[in-house]
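Structural overview for review
One-letter residues, chain by chain:
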Amino acid sequence: MADLSIVFAGIKAPNPFWLASAPPTDKAYNVVRAFEAGWGGVVWKTLGEDPAAVNVSSRYSAHYGANRQVQGINNIELITDRSLEINLREITQVKKDWPDRALIVSLMVPCVEESWKFILPLVEATGADGIELNFGCPHGMPERGMGAAVGQVPEYVEMVTRWCKTHCTLPVIVKLTPNITDIRQSARAAHRGGADAVSLINTINSITSVDLDRMVAHPIVGDQSTHGGYCGSAVKPIALNMVAEIARDPETRGLPICGIGGIGTWRDAAEFIALGSGAVQVCTAAMLHGFRIVEDMQDGLARWMDQHGHRSLEAFRGQAVGHTTDWKYLDINYKSVAHIDQDACIGCGRCHIACEDTSHQAIASTLKADGTHAYSVIEAECVGCNLCQITCPVQGCIDMQAQDTGKPYMNWTQDPRNPYREAG
Amino acid sequence: MIDALNHLPRPRAGADQLAEAFSDLAPPLTARQAAVESARCLYCYDAPCVNACPSEIDIPSFIHRISDENLQGAAERILSANILGGSCARVCPTEILCQQACVRNNAQECAPVLIGQLQRYALDHADFTEHPFQRSPASGKRIAVVGAGPAGLSCAHRLAMHGHDVVIFEAREKAGGLNEYGIARYKLVDDYAQREVEFLLGIGGIEIRHGQRLGGNLSLAELHGQYDAVFLGLGLGAVRQLGLADEDAPGLLAATDYIRELRQADDLAQLPLADRCLVLGAGNTAIDMAVQMSRLGARDVNLVYRRGEADMGATGHEQEIAKHNQVRLHTWARPDAVLLDDAGRVRGMRFARTQLIDGRLGDTGETFELAADAIFKAIGQRFDEQGLGDPLAAQLARDGERIQVDAHMRTSIPGIYAGGDCTALGQDLTVQAVQHGKLAAEAIHAQLMLNVEAA
Ligand SMILES: Cc1cc2nc3c(=O)[nH]c(=O)nc-3n(C[C@H](O)[C@H](O)[C@H](O)COP(=O)(O)OP(=O)(O)OC[C@H]3O[C@@H](n4cnc5c(N)ncnc54)[C@H](O)[C@@H]3O)c2cc1C
Ligand SMILES: Cc1cc2nc3c(=O)[nH]c(=O)nc-3n(C[C@H](O)[C@H](O)[C@H](O)COP(=O)(O)O)c2cc1C
Ligand code: SF4
Ligand code: SF4
Ligand code: SF4
């Protein structure tokens, strides 16, 4: 079986699956259960200064798909609501009992050097493997000048990172907020401050739904609500893009990335790794299904790696980064055309109506003698947009086939139709 | 009629047990089941299920609305195409209609969407405070509908909606046609048929006159003269005969006669029980009869059919139900003689074995006997000629024995329309009758409006 072990920013772990700083890592009881289940590491629920934060009731709400499938969760929880002393004591004990697992401590204290100078030695004394700076919490904490309020200002990110590198010897992972316009600015700032790694994403500002009887958004506290942080499967595409943006940014080249956001299966994890992540963190999937999912993730990832001859994660890490580029470098001459496998087609008509109403009228519907319809692609009209393939309920039924156009690679910067093309 | 069976014993089972045996064959979906099932629908375009529904219900749309927690919207979508959608949801052989056509009904997709069950769910839970359809301004036109079965009721409702006034002439005491008197009791339970009629009449403008029999106290000429249009939804009132001696002997009767009593019985424990029973035929009526007798407690229920299993009219699903209810099937056997005891009552039947000879059914020469306390004929319904006895009615062109109609349900006499089982168009199914009634109403409406414009 493939070797799943990693060394991430100098931190060793038996596998790349870490639990993100959140309720699953709130206290020793959970973390021990997580290690028993097989998680390679945890980022302890964010610690702060005493007195500890106070939480409200209720706290979570969800965005559902058909059949009550949870697409994403929104939460309005704060950082740990337990005292610093209890947390530090538990961290010390757990690290002692589980020396082979990665134990990272997430931190969030006010944006003054003294606060960091005070807490960092206490954390270091626990024997923890590293610290993660929570610059991402989007609700509650920013109102107090912490969390996303820091993460949204690159200068603060750089400054606090530098304080941490100054006052502690542990690897420093900077956790980034996605609630910004260009994630690279935050990553570059962390890099300048001396960060050993970045982790992303934290949660995204959100309101999941509104109770139309009571006219209040969810989650409801009394008769009010507030925006929270969105996570879970629905945020994966956003997280993947941000990871890729950093991975291919020359200014932060080589900076270790811990991928977070919507990871629930081995395939999700493999995708983050392919885009450059050296480890991944999971929160929502564990909150929905329990810690046991890590077994399936380990098993699936190792088997996939075996099938593809990858002995270690490094063997395929970042392999998709080079294929991610700017739009202007895409090959304008490349052409693909939809092809329907008539044996697999169940005749639902979805491809036809999608293309007919909203794309390029490239799927013909032919009435058959029995009153049902047959569907076929009009190749000359098809622009290869993928929409029909997306809406088709039968996996593999519509195949997007590359066409041999006989034309060489040409991107937009070279295209004669581009009035601003680079002289060549 | 059931006098013919009065000498038989009564069911042994208690009232509770019998009630259980005749409760919903397919229990209704729970809210959770409906949510799961509605989410399985792919919301097809030009959906094959709609194409396969004789009443053209917009199935993807109503299922989508169930999924969207808009049950009233779902119900209205169904009812706008099929005002008897509630009974159709329960009695339709979906396995040969919408669900057969469903794109998820193939090996890769596991199973079709349970369209009938979802339809029932929407209608059971829609909870309308008032009738969902409004009448157009009064047209001043009056239309006579003969027969308050699915065809007649559907026609009347659609006509009323278009602002016409309707009088339904019905021979029997209750409206509903075979929904009231013919459908297996476990398919359409309790007083659903009557409640559905009441709901339908909620639109207003429809009067039902009971005890009015065309060919009896009513003539087509009269109706034709007094009303702006006439719709005939007479169904099939007569039963095919075996053509054997002693066909009227106590112990031998039409399955539909027994089922009618069974559906009307307040106390199932009072029905005559044929412990050893023979049912002749292989259509759904035969299966209904056999299964109901089995559920009443009969020990030995035999279905005898003159051809092979592959030729049976009953759907595969119906045949499965029969098997589950311990009904034994005998094929390739033709009734040859009614066997009577000393008191002149049925004691069994002699059958001649049959086979195909050059594609034609013939006897093998062998015979065998089956003992029975009662024999039920389910070899088909026939058009009841008495209904068309008067001189005008006699002029109606026929298609075989049934009334001939065109695609707009027009008969050969202008102003007279017909639909449902009494015509040869389509299958003999409730949903087909509803569609015919609806189409006829639209045709009548179009014709009357044309006349108004022309005047
Ligand atoms: C035993 C049995 C079981 C069946 N099971 C199913 C099933 O499970 N699913 C399914 O889809 N279909 C089933 N059918 C078929 C279905 O019931 C019919 O197709 C449907 O009822 C036809 O409707 P209709 O309005 O044409 O006729 P009917 O329902 O027969 O209604 C005709 C009406 O006209 C009245 N009438 C008749 N003659 C006159 C007259 N001369 N004057 C005044 N009124 C008159 C009758 O009293 C009756 O009310 C079954 C039929 C039978 C016999
Ligand atoms: C209830 C809840 C509480 C969280 N609390 C913290 C926290 O204290 N510190 C932190 O850095 N991130 C916190 N997060 C964010 C997660 O660590 C993680 O970044 C985010 O949920 C995205 O990953 P996921 O899609 O796997 O859930 C919290 C998330 C949830 C759902
Ligand atoms: S790829 Fe796009 S354009 Fe081509 S057939 Fe499909 S939907 Fe139409
Ligand atoms: S969407 Fe797929 S299954 Fe449906 S008609 Fe098109 S090709 Fe066939
Ligand atoms: S064919 Fe099946 S899946 Fe498609 S719309 Fe009809 S019920 Fe839904």
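Residues numbered from 1 in each chain as written. Chains lettered and ligands numbered in written order. Predicted model: local features only at pLDDT ≥ 70, side-chain atom pairs only at ≥ 80, totals over all residues. Heavy atoms only, no water.

As annotated in an unreviewed UniProt entry, chain B is dihydrouracil dehydrogenase (NAD(+)) from Pseudomonas soli. Under the heading Subunit (unreviewed entry), UniProt records this for chain B: "Heterotetramer of 2 PreA and 2 PreT subunits." Reading the Cofactor (unreviewed entry) entry of the UniProt record for chain B gives the comment "FMN". (UniProt positions renumbered as here; feature names shortened; annotations may be inferred.)

The name recorded for chain A in an unreviewed UniProt entry is dihydrouracil dehydrogenase (NAD(+)), from Pseudomonas soli. The record in UniProt for chain A states the following under Function (unreviewed entry): "Involved in pyrimidine base degradation. Catalyzes physiologically the reduction of uracil to 5,6-dihydrouracil (DHU) by using NADH as a specific cosubstrate. It also catalyzes the reverse reaction and the reduction of thymine to 5,6-dihydrothymine (DHT)." The record in UniProt for chain A states the following under Sequence similarities (unreviewed entry): "Belongs to the dihydropyrimidine dehydrogenase family."

**A word on the site of ligand 1**
Residue and element names in this part refer to chain B. Lining the immediate surroundings of ligand 1 are 34 residues, of which Val91, Glu170, Leu178, Leu214 and Asp421 lie closest. Within the backbone of alanine 151, one N or O atom sits 2.9 Å away from an oxygen atom of ligand 1. Contact between ligand 1 and alanine 171: a nitrogen atom at 3.2 Å from a main-chain N or O atom of the residue. Against a free-state accessible area of 990 Å², the protein chains account for coverage of 93% of ligand 1. When residues of the shell around ligand 1 are traced back to their parent elements, those giving at least two are helix H9 (150-161), strand S2 (165-170), helix H13 (255-264), helix H14 (284-296) and helix H17 (430-454). When we break the shell around ligand 1 down by domain, the ones giving at least three residues each are domain 2 (142-237 + 383-454) and domain 3 (241-380). (Near = heavy atom within 4 Å. Polar contact = N/O pair within 3.5 Å; in protein donor to acceptor, adjacent residues only side chain to side chain. Areas by Shrake-Rupley, 256 points an atom, 1.4 Å probe, with all protein chains shown as cover. Helix = DSSP H or I, 4+ residues; strand = E, 2+ residues; numbered from the N terminus. Domains from an automatic or database assignment.)

**Some words on the sheet that holds strand S16 (residues 277-282) of chain A**
All names here are of chain A. In spatial order, the strands read S3-S4-S7-S8-S9-S10-S15-S16; together these eight strands close into a barrel with parallel pairing. Each strand axis lies, on average, 25° off the axis of its neighbour in the sheet, ignoring direction. Across three bridges, the pairing between strand S9 (residues 172-175) and strand S10 (residues 197-200) is parallel. Along S10, the bridge assignment pairs isoleucine 173 with alanine 197. (Pairing = 2+ DSSP bridges. Axes fitted to C-alpha atoms, helices over the stretch in contact; angles between N-to-C directions.)

**Remarks on the site of ligand 5**
Within the structure, ligand 5 sits among Cys41(B), Leu42(B), Cys44(B), Ala47(B), Cys49(B), Ile59(B), Pro60(B), Cys102(B), Val103(B), Arg104(B), Val113(B) and Ile115(B). For the shell around ligand 5, the class distribution of residues is eleven nonpolar, no polar and one charged. (Nonpolar A, V, L, I, M, F, W, Y, C, P; charged D, E, K, R; others polar.)

**Regarding unusual backbone geometry**
Glycine aside, residues mostly have negative phi angles, and peptide bonds mostly take the trans form. In the segment running from Asp50(A) into Pro51(A), the intervening peptide bond is cis, with an omega of -5°. With an omega of 5°, the peptide bond between Ser57(A) and Ser58(A) qualifies as cis. Its identity as a non-glycine residue notwithstanding, Asp190(B) has a phi of 40°, on the positive side. Secondary-structure assignment places Asp190(B) in the loop between helix H10 (178-181) and helix H11 (192-201).

**Some remarks on the domain arrangement of chain B**
When cut into domains, chain B gives domain 1 (31-125), domain 2 (142-237 + 383-454) and domain 3 (241-380). Using C-alpha coordinates to define each centre, domain 1 of chain B is positioned 34 Å away from domain 3 of chain B.

**What to know about the side chain of Ser106(A)**
All names here are of chain A. Considering the arrangement of structural elements, one finds serine 106 in strand S7 (residues 102-107). Residue class for serine 106 comes out buried when judged on its relative accessible area of 1%. Within the structure, serine 106 has its side chain in polar contact with the side chain of threonine 46 (distance 2.6 Å). Apart from residues lying up to four places away in sequence, serine 106 is in contact with Ser21, Val43, Trp44, Lys45, Thr46, Leu47, Glu132 and Asn134. (Buried < 20%, exposed > 50% of the residue type's maximum accessible area, 1.4 Å probe, protein only. Contact = heavy atoms within 4.5 Å.)

**Structural notes on the packing of aromatic side chains**
Scanning the entire structure with this criterion turns up nine aromatic pairs over all chains. Arranged with centres 5.5 Å apart and planes meeting at 45°, the rings of Phe35(A) and Trp98(A) form a pair that is tilted. One end of the pair, Phe35(A), is in helix H1 (residues 28-37); the other, Trp98(A), is in the loop between helix H2 (84-97) and S7, and 63 residues separate them in sequence. Here the two residues Phe35(A) and Trp98(A) agree in accessibility, since each one is buried. Ring centres 5.9 Å apart and planes at 85° place the aromatic pair Phe169(B) and Tyr227(B) in the edge-to-face group. Linking Phe169(B) in strand S2 with Tyr227(B) in the loop between helix H12 (220-226) and strand S4 (229-232), this pair joins segments that are 58 residues apart in sequence. (Phe/Tyr/Trp six-rings, centres within 6.5 Å; stacked < 30°, edge-to-face > 60°.)

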